Amino acid sequence: MSVAHWLYKSEPAAWSWEQQKAAGEKGTEWTGVRNYLARNNMRAMQLGDKGFFYHSNEGLEIVGIVEVCALSHPDSTAKGDDRWDCVDIRAVCDIPKPVSLKDIKANEKFAKMSLVTSMRLSVQPVTDEEYLEICRLGGLDKPPQ
């Protein structure tokens, strides 16, 4: 089984990278997703999958790496609506030099990246190549695998 890569968007005023790190090893539920494609992405995740933590609206940059620490399960904020699932994620490491949306859009290597083509999708896949290139741009010499 190979590790897949993802991107999770959060408005820092609602849930920031600092709050994600403060959640510790236990991590936290990635709740509140009400989009079927994003939900299906979470349902496809495996334990240990890595992902980028992206600050949307404010900052517009990738600031950290997280990993899936609990598989898809009912979203506790869905109030009994069983259509919505979530995963639990925990912080792995900071991105030493946050990678901005502006820099991603300016780089031809990311022309097909979901962050560029599906701006509104809150949980999206990241290819292995995109993952490694963003880690390189962010100053991570040895990206978590």
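Everything quoted here is computed from the prediction, not taken from an experiment.

## Considerations on helix 5 (residues 128-137)
Moving on, step 1. Turning to helix 5, its buried residues number three or more, namely Glu130, Tyr131, Glu133, Ile134 and Cys135.
Moving on, step 2. For helix 5, the secondary structure elements touched by its buried residues are strand 1 (5-10), strand 3 (50-55), strand 4 (61-74), strand 5 (85-100), helix 3 (101-106) and strand 6 (123-126).
Moving on, step 3. One or two steps after helix 5, the chain reaches Gly139, where phi turns positive at roughly 85 degrees.

## Structural notes on the state of the cysteines
Moving on, step 1. The final tally for this structure, using the stated rule, is zero disulfides.
Moving on, step 2. Take Cys69: it sits in no disulfide, and the sulfur closest to it among the cysteines is that of Cys86, at 11 Å.
Moving on, step 3. Cys93 supplies the cysteine sulfur nearest to Cys135, a cysteine that is in no disulfide, at a spacing of 7.2 Å.
Moving on, step 4. For Cys135, a relative accessible area of 0% corresponds to the buried category.

## Description of unusual backbone geometry
For residues besides glycine, phi is generally negative; the peptide bonds are generally trans as well.
Moving on, step 1. Here the phi dihedral of Leu60 falls at roughly 50 degrees; this positive angle occurs in a residue that is not glycine.
Moving on, step 2. Mapped onto the elements, Leu60 comes out in the loop between strand 3 and strand 4.
Moving on, step 3. Judged by its relative accessible area of 35%, Leu60 is partly exposed.
Moving on, step 4. Positive phi, normally seen in glycine, also occurs at Lys79, with a value near 50 degrees.
Moving on, step 5. Here Lys79 shows up in the loop between strand 4 and strand 5.

## Some remarks on the pattern of salt bridges
Moving on, step 1. For the structure shown, the criterion picks out ten salt bridges.
Moving on, step 2. The partner of Glu67 in a salt bridge is Arg90, with the nearest N and O atoms 2.9 Å apart. Taken together, the residues span a long stretch of sequence, with Glu67 in strand 4 and Arg90 in strand 5 at a distance of 23 residues.
Moving on, step 3. With its nearest N and O atoms 2.6 Å apart, the salt bridge here joins Arg136 to Glu133. In this pair, Arg136 and Glu133 both sit in helix 5, three residues apart, roughly one turn of the helix.
Moving on, step 4. Here the salt bridges do not stand alone but share partners, grouping Glu25, Lys50, Glu67 and Arg90 into one network.

Procedures and definitions
- Residues numbered from 1 in each chain as written.
- Predicted model: local features only at pLDDT ≥ 70, side-chain atom pairs only at ≥ 80, totals over all residues.
- Heavy atoms only, no water.
- Buried < 20%, exposed > 50% of the residue type's maximum accessible area, 1.4 Å probe, protein only.
- Helix = DSSP H or I, 4+ residues; strand = E, 2+ residues; numbered from the N terminus.
- Contact = heavy atoms within 4.5 Å.
- Disulfide = S-S within 2.5 Å.
- Salt bridge = Lys/Arg side-chain N within 4 Å of Asp/Glu carboxyl O.

All quantities given are derived from atomic positions and should not be read as evidence of function.
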